[in-house]
Amino acid sequence: MSKGGPVVGVLALQGDFREHIAVLASLGADARPVRRPEELDQVAGLVIPGGESSVMDKLSRAFGLAQPLKDAIGAGLPVYGTCAGLIMLADRVLDAINGQQSLGGLRIAVRRNAFGSQLDSFETDLDIPVLGEAPMHAVFIRAPVVEEVRDGVTALATLTDGRVVAVEQGNLLGTSFHPEMTGDTRFHEYFLGKVRAAS
Amino acid sequence: MTDSTITDSNGTQGIGSNRVKRGLAEMLKGGVIMDVVTAEQARIAEDAGAVAVMALERVPADIRSQGGVARMSDPDLIESIIAEVSIPVMAKARIGHFVEAQILQSLKVDYIDESEVLSPADYVNHIDKWPFTVPFVCGATNLGEALRRINEGAAMIRSKGEAGTGDVSEATKHIRTIKSEIAALSAKSHDELYVAAKDLQAPYELVLEIARTGKLPVVLFTAGGVATPADAALMMQLGADGVFVGSGIFKSGNPAQRAAAIVRATTFFDDPAAIADASRGLGEAMVGINVSDLAAPHRLAERGW
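The following paragraphs examine the structure supplied in this document. Not measured: the values here are computed from a predicted model. (Residues numbered from 1 in each chain as written. Chains lettered and ligands numbered in written order. Predicted model: local features only at pLDDT ≥ 70, side-chain atom pairs only at ≥ 80, totals over all residues. Heavy atoms only, no water.)

## Description of the layout of surface pockets
Its boundaries defined by the atoms lining it, the largest pocket holds a volume of some 1000 Å³. Around the largest pocket, the lining is made up of 44 residues, and of these E19 of chain A together with E26, K29, K215 and V219 of chain B lie nearest the centre. Contributions of two or more residues to the lining of the largest pocket are made by α1 (17–26) and β2 (30–34) of chain A together with α1 (18–28), α7 (169–186), α9 (204–213), β8 (219–222) and α12 (255–267) of chain B. Sort the elements by how many residues they give to the lining of the largest pocket and α1 of chain B lands first, with six residues. The class makeup of the residues in the lining of the largest pocket is 16 nonpolar, 12 polar and 16 charged. (1 Å grid on protein atoms, 1.4 Å probe; cavity = no way out; pocket = protein on both sides within 12 Å on 5 of 7 lines; lining within 4 Å. Points joined across faces, edges and corners; volume = space filled by probe spheres on them. Helix = DSSP H or I, 4+ residues; strand = E, 2+ residues; numbered from the N terminus. Nonpolar A, V, L, I, M, F, W, Y, C, P; charged D, E, K, R; others polar.)

Okay, structure coming up:
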C-alpha cells in the first residue's frame with residue numbers, strides 16, 4: 001500500500017482499463033493494471049473494464065489468468081465488472097460466441113449486445129437508490145442486460161421497462177453501463193467501500 | 001443560414017450522442033480490427049480474438065493490384081458478415097460519399113470508415129459526420145488532418161499508413177508525426193496556440209483542448225502495412241490505442257494462427273518474450289511491396305486532406 005489507499009487491480013487485457021485506473025486513483029486507491037497471475041496476487045480488489053468480452057475471455061485463458069481469477073472470485077475478492085466485465089462475471093452468458101466462457105461468480109444470466117447494434121447505444125439517467133437520491137447518468141454501448149437473477153443477487157438499477165442493468169451479490173458488483181466514462185464516481189466509491197471492508 | 005439541421009455536436013441523451021459514438025472506440029482499445037471479405041473470414045477473425053471486423057469486398061492489397069475504382073461493398077456481403085459475428089462490424093465508404101454512408105447506416109453497421117483505401121468521391125469535402133447516428137473513423141497522416149476530421153464529427157482516428165503494402169514504415173511515420181505534434185502543442189504557451197491552430201489548419205478550440213490534455217479527444221488506432229505480431233507491438237509502443245490489420249492476415253500463409261498471434265502481441269506489446277512466443281511458426285507473412293517502390297500516384301495515404 002505504497003500510496004496509503006488499497007491496492008486495486010484493473011484487468012488490462014483489452015478495453016477501457018486506463019479510464020478505470022484514473023477514476024480509482026482519483027479516489028485514493030493504488031490502482032494498477034493486471035495482465036498476469038502474479039499481478040493478481042498483489043491486489044485487494046479488481047475491476048474488469050468495458051471492452052470485448054470474447055477477447056478478454058480468450059486472452060485470460062491463453063495467458064493462464066482465467067483460473068486464478070476464478071479462484072480469487074471464489075475466495076471472496078471484491079470484483080466490479082462494467083459492460084464486458086459484467087459478462088465475464090456472469091454464471092451464464094446468452095448470445096455468446098462459439099466456445100466463449102465467462103469467469104462466473106454472479107448468479108445471473110446476461111445477454112450480450114442486448115439492445116442491438118451500435119445504432120441502439122444510448123445515454124440515459126438511472127435511479128440507483130443505493131448510491132443516493134441523485135440519478136446517475138449512464139452510458140450504454142452495445143451493452144448487455146441481466147435477464148435472470150438468482151438467490152442472493154440484488155438488482156441495484158433497472159431501466160424504465162424493468163430490465164436489470166446493475167447487480168450486487170456479496171463482494172461482486174456489475175453494471176451494464178460505464179461509470180468510468182461520465183465523471184460520476186459513486187459506483188467506484190461504493191466498490192472501494194467493499195474493498196476496504198474486505199481487506 | 002438558419003437551417004436547424006446544421007450542427008457541430010451531438011447531444012448528451014439518447015442514441016447517437018458524442019459519448020456513445022466515441023465510447024465504442026474506447027471499448028475497442030488494446031484490440032485488433034481485422035479486414036475480412038467473406039463471412040467465413042469474419043468467423044475466423046472473431047474466433048482468433050478480433051475486437052471488430054472491417055467488412056469489404058477486396059482487401060487493400062487486391063485493390064492495389066487489380067486497380068480500377070474501389071467503392072462501398074455490396075450490401076449482401078456486409079449483411080452476411082453482420083449475421084455471422086457478434087463483435088462490431090465496420091464498413092468503408094468513399095471519402096465524401098455521404099450516400100454510401102447513409103446506406104451503411106441503414107444496414108446497421110457499427111462504425112463507418114471514411115477511407116482513402118477506396119477511390120474518393122469528392123476531392124474537396126469529406127462527409128459531414130455529425131448528422132449520422134452511426135460513428136465514423138477517419139484516416140490521418142498528421143495532427144492537423146486528424147483535427148479536421150474530428151471537427152467534421154469523426155469519433156475515432158486511425159493513422160493511415162500505406163494500406164495493402166505489408167510495409168509498416170508509413171504507419172510508423174504517421175503515428176510518430178501525430179504523437180510528436182501533440183507533444184509539441186502541449187509544450188506551447190497560450191499565446192502561441194493561435195498561430196499553431198493556423199499552421200495546423202485546425203479549429204482553435206480543438207487545438208486548445210489538445211494543448212491542455214496532451215491527447216486527442218478520440219481514440220487513435222493505427223493502420224496500413226501491419227503484417228506481423230512485432231509490427232502490431234511496434235505501433236502500440238509508439239502510442240497507438242490499437243491496430244487495424246488489413247491485408248496482413250488473410251494474405252498470409254496461416255490466417256487463423258497469425259490473427260491470434262497479432263492479438264496476443266497487441267495486449268503484451270511491452271513484453272518481448274511474449275511477442276517472441278506469438279511470432280513463432282506463423283508461416284509466410286504477406287509478400288508485400290516496399291512503399292519506396294510505389295510511384296506517388298499509387299500512394300493511398302495522399303488521398304484526403
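Continuing now.
## Topic: the sheet that holds strand β8 (residues 136–140) of chain A
One open sheet holds the three strands; their spatial order is β8(A)-β7(A)-β1(B), and the pairing between them is antiparallel. The open sheet has two free edges, formed respectively by β8 of chain A together with β1 (14–15) of chain B, since each of these has just one partner strand. Pairing between strand β7 (residues 122–126) of chain A and β8 of chain A: five bridges, direction antiparallel. Within β8 of chain A, the position partnered with T124 of chain A by the bridge is A138 of chain A. Across the sheet, α1 of chain B is in contact with β7 and β8 of chain A; its angle to β8 of chain A comes to roughly 50 degrees. (Pairing = 2+ DSSP bridges. Contact = heavy atoms within 4.5 Å. Axes fitted to C-alpha atoms, helices over the stretch in contact; angles between N-to-C directions.)

## A short note on helix α13 (residues 272–279) of chain B
In an α-helix, one turn spans 3.6 residues, which is why side chains three or four residues apart end up on the same side. All names here are of chain B. Those residues of α13 that sit buried are A274, I275 and A278. The arc that holds every buried residue of α13, seen down its axis, measures 100 degrees, which confines them to one face. Opposite the packed face of α13, turned more than 90 degrees from it, sit the exposed residues P272 and A273. Packed against the buried residues of α13 are α10 (229–237) and α12. Taken from the residues just after α13, G281 is the one with a positive phi, measuring 60 degrees. (Buried < 20%, exposed > 50% of the residue type's maximum accessible area, 1.4 Å probe, protein only. Arc of directions from axis to C-beta.)

## Structural notes on the interface of chain A and chain B
Listed per partner, the contact involves 40 residues of chain A and 42 residues of chain B. Summed over both sides, the interface between chain A and chain B buries roughly 3200 Å², with carbon and sulfur atoms accounting for 55% of that surface. The three residues of chain A that bury the most area against chain B are Q118, L119 and E123 of chain A, which together make up 22% of that side's buried surface. In this structure, the salt-bridge partner of D110 of chain B is R142 of chain A, at a minimum N-O distance of 3.0 Å. For the interface between chain A and chain B, the tally reads 20 residue pairs in polar contact (both at pLDDT 80 or more). Looking at the side of chain A that touches chain B, the elements with two or more residues in it are α1, α3 (53–62), β7 and β8 of chain A. With five residues, the single largest contributor to the side of chain A that touches chain B is α3 of chain A. (Buried area = accessible area lost by both parts, 1.4 Å probe. Salt bridge = Lys/Arg side-chain N within 4 Å of Asp/Glu carboxyl O. Polar contact = N/O pair within 3.5 Å; in protein donor to acceptor, adjacent residues only side chain to side chain.)

## So, the environment of T213 of chain B
Residue and element names in this part refer to chain B. In this fold, T213 is placed in helix α9. As for T213 and D271, which are separated by 58 residues in sequence, their C-alpha atoms are 28 Å apart. Of note is the side chain of T213, whose polar atom sits 3.0 Å from the backbone oxygen of K215.

## Some details on empty space enclosed by the protein
Within the structure shown, the criterion is met by four cavities of 30 Å³ or more. Reported here for the largest cavity is a volume of approximately 200 Å³. Where the lining of the largest cavity is concerned, the elements lending two or more residues are β5 (111–115), β9 (243–245) and α11 (247–250) of chain B. Here the lining of the largest cavity is built from residues that sort into nine nonpolar, nine polar and six charged. Estimated volume of the second largest cavity: approximately 170 Å³. Elements with a minimum of two residues in the lining of the second largest cavity: α5 (84–89) of chain A together with α1 of chain B.

## A few points about the packing of helix α6 (residues 143–151) of chain B against α9 of chain B
Residue and element names in this part refer to chain B. The N-to-C vectors of α6 and α9 enclose an angle of 120 degrees; their axes lie 10 Å apart at closest approach. In the packing of α6 onto α9, the handedness of the crossing is right-handed. For the pair formed by α6 and α9, the contact residues are L147, I150 and N151 on the first element and L206, V207 and I210 on the second. Within the contact of α6 with α9, the residues separate by chemical class into five nonpolar, one polar and no charged. (Left-handed = near helix turned anticlockwise from the far one by under 90°.)

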